[in-house]
Amino acid sequence: MKRSVDARQRELKVHLIVLTDDQGKPIAKDAPIPLYTPPVFQDVHNAERQVVIIGAGPAGLFAALTLIEHGIKPVIYERGKEVSERKKDIALLNRNEGLNPESNYCFGEGGAGTFSDGKLFSRSKKRGNMQRVMELFHFFGAPDTVLYEAHAHIGSDKLPTIIKNMRECILSHGGEIHFETCITSLKEVERHATPIILAIGHSAHDTYRMLAAEGVKLETKGFAMGVRAEHPQELINRLMYHKASTEYVGNASYSLVTQVDGRGVYSFCMCPGGHIVPAGSTADTCVVNGMSASHRNSPFANSGIVVQINPEDIPGDDPLRGLEYQEALEREAFKQGQAPLNPPMEGGRYTAPAQRLRDFVEGKASKDLPKCSYLPGIAPSRLDQWLPAEIGQRLQQGFRDFDKKYPGFLTNDAVILGVESRSSSAVRIPRDPETLQSVSTPGLYPCGEGAGYAGGITSSALDGINAALKIADLAQ
């Protein structure tokens, strides 16, 4: 029923919770056990009520499925493309052949998580039925492991099919999905329909600016920025598992955290056996993220290593000042990644600035760079010099701290790329804790990562479910 790996001590342990019969014997895996009650979706083609959903990420999709369960028609508007077409744009981006600002690793059906690993693990303590989120993923095609693994993972090669199955369910039961439709005026939507579930994701910076211009209350919230670090997976296996075999537990992951000058420095979105990907959404920025396929079998292990940034760390009172801070560093990373390459590359240029890890910590230029999973290519850069001191110096100390816990982690066999800037939203859309409606705009239900109330696939999905349940209760 549950399975987790404990690598905290030198002896590797696997903890299991097993369902047994009356005699205490484990029930066979193929026994007819009702694992969960499957959802019952209603026909909403001619439903009396409908709800507009802006965004087809996990918050928007799970909100739509929940509305259909309650007989309410969802009408989804998504600025990006459906998942199959989105794959083509991502392939072009990985080959340095150009960025589609509306269809990339951030925007499109399924949201940022579709091609960013598909981890179904959350530290969130959100109210609601997180297990139901896992059950819905399983219902639409996720493997059995999502029902019992402590750190469940689908993989970016499998998740698109599950997202497509969700879409087909929504459409076949009477919901609507309008792709390549970017909402540029909330007031225009409000004139035609309310309520509205706002599930935009954390990278929709232009939408935040539109909301501010139209009087929706926004506020700055804490976020994090840093770099993406990549090690040889074999090294991480040795550090985490000691001499234990990976045969039964797979490639090792890690979770690291320390405090430097009163701010957290921690790992985020760790991808064992994974790849680093270009996750920017504008042509003049460089943003990196990580992903793993379902088998997690690449020779590299990568993770975001980020520094906590609080609202008071950025001068001023503009609620969008966190966005400005993010964007300025993303533009600088793009500039730093444009080092001359031999031979010159044609078309778009999304090389990322990179430095060997120990060189970064010791403040040295890297004479060369190791092999890296980042397909658009990496260019040597002095991240130790151009990262803001409040980020760079804390990262340097953080890596020293991590090496004390896992000697060998701080090595020049590892490389860091800049910048990791989309671990969370820098903006929150305040909402009433009971009704979940915007405090400034009745009928607007901000939810998910873009609203500042979630931090990943599962917590975003649960937030979308909760918003839909509030609307369903009002409809009764």
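Source: prediction; values computed, not measured.

## Describing the sheet that holds strand β6 (residues 196-198)
Ordered by their spatial adjacency, 5 strands build an open sheet running β5-β4-β3-β6-β18, and the pairing between neighbours is parallel. The open sheet is flanked by β5 (176-178) and β18 (444-446), the only strands paired with a single partner. Adjacent strand axes in the sheet meet at a mean angle of 20°, parallel and antiparallel pairs treated alike. Docked against the sheet, helix α4 (residues 159-172) engages β4 (73-77) and β5, running at close to 125° with respect to β5.

## Brief notes about the confidence of the model for the chain
Across the chain, pLDDT averages 91, with 94% of residues at or above 70. Overall, residues 342-348 carries pLDDT values under 50, and its contacts beyond four positions in sequence, including any with other chains, amount to 8 contacts.

## Topic: the sheet that holds strand β8 (residues 223-232)
Two modes of strand pairing occur in sheets, parallel and antiparallel, and in both the strands are linked by backbone hydrogen bonds. Strand order across the open sheet formed by 7 strands is β9-β10-β13-β8-β16-β14-β15, with mixed pairing between neighbours. What marks the edges here is a single partner per strand, and that holds for β9 (257-260) and β15 (378-380). Taking each pair of neighbouring strands and ignoring which way they run, the sheet shows an average axis angle of 35°. Each of β8, β13 (300-309), β14 (352-356) and β16 (415-420) is contacted by helix α8 (residues 321-336), which is oriented at about 35° to β8, the strand it contacts most.

## A look at the nonpolar core
Formed by 85 residues in total, the largest nonpolar core has its most connected members in Ile305, Leu387, Leu395, Phe399, Phe409 and Leu417. The contact partners of Phe399, leaving out residues within four places of it in the chain, are Val227, Ala229, Ile305, Leu357, Phe360, Val361, Phe409, Leu410 and Ile416.

Reading the values: rules and limits
- Residues numbered from 1 in each chain as written.
- Predicted model: local features only at pLDDT ≥ 70, side-chain atom pairs only at ≥ 80, totals over all residues.
- Heavy atoms only, no water.
- Pairing = 2+ DSSP bridges.
- Helix = DSSP H or I, 4+ residues; strand = E, 2+ residues; numbered from the N terminus.
- Axes fitted to C-alpha atoms, helices over the stretch in contact; angles between N-to-C directions.
- Contact = heavy atoms within 4.5 Å.
- pLDDT = per-residue confidence, 0-100.
- Core = buried A, V, L, I, M, F, W, Y, C linked by side-chain atoms within 4.5 Å.
- Buried < 20%, exposed > 50% of the residue type's maximum accessible area, 1.4 Å probe, protein only.

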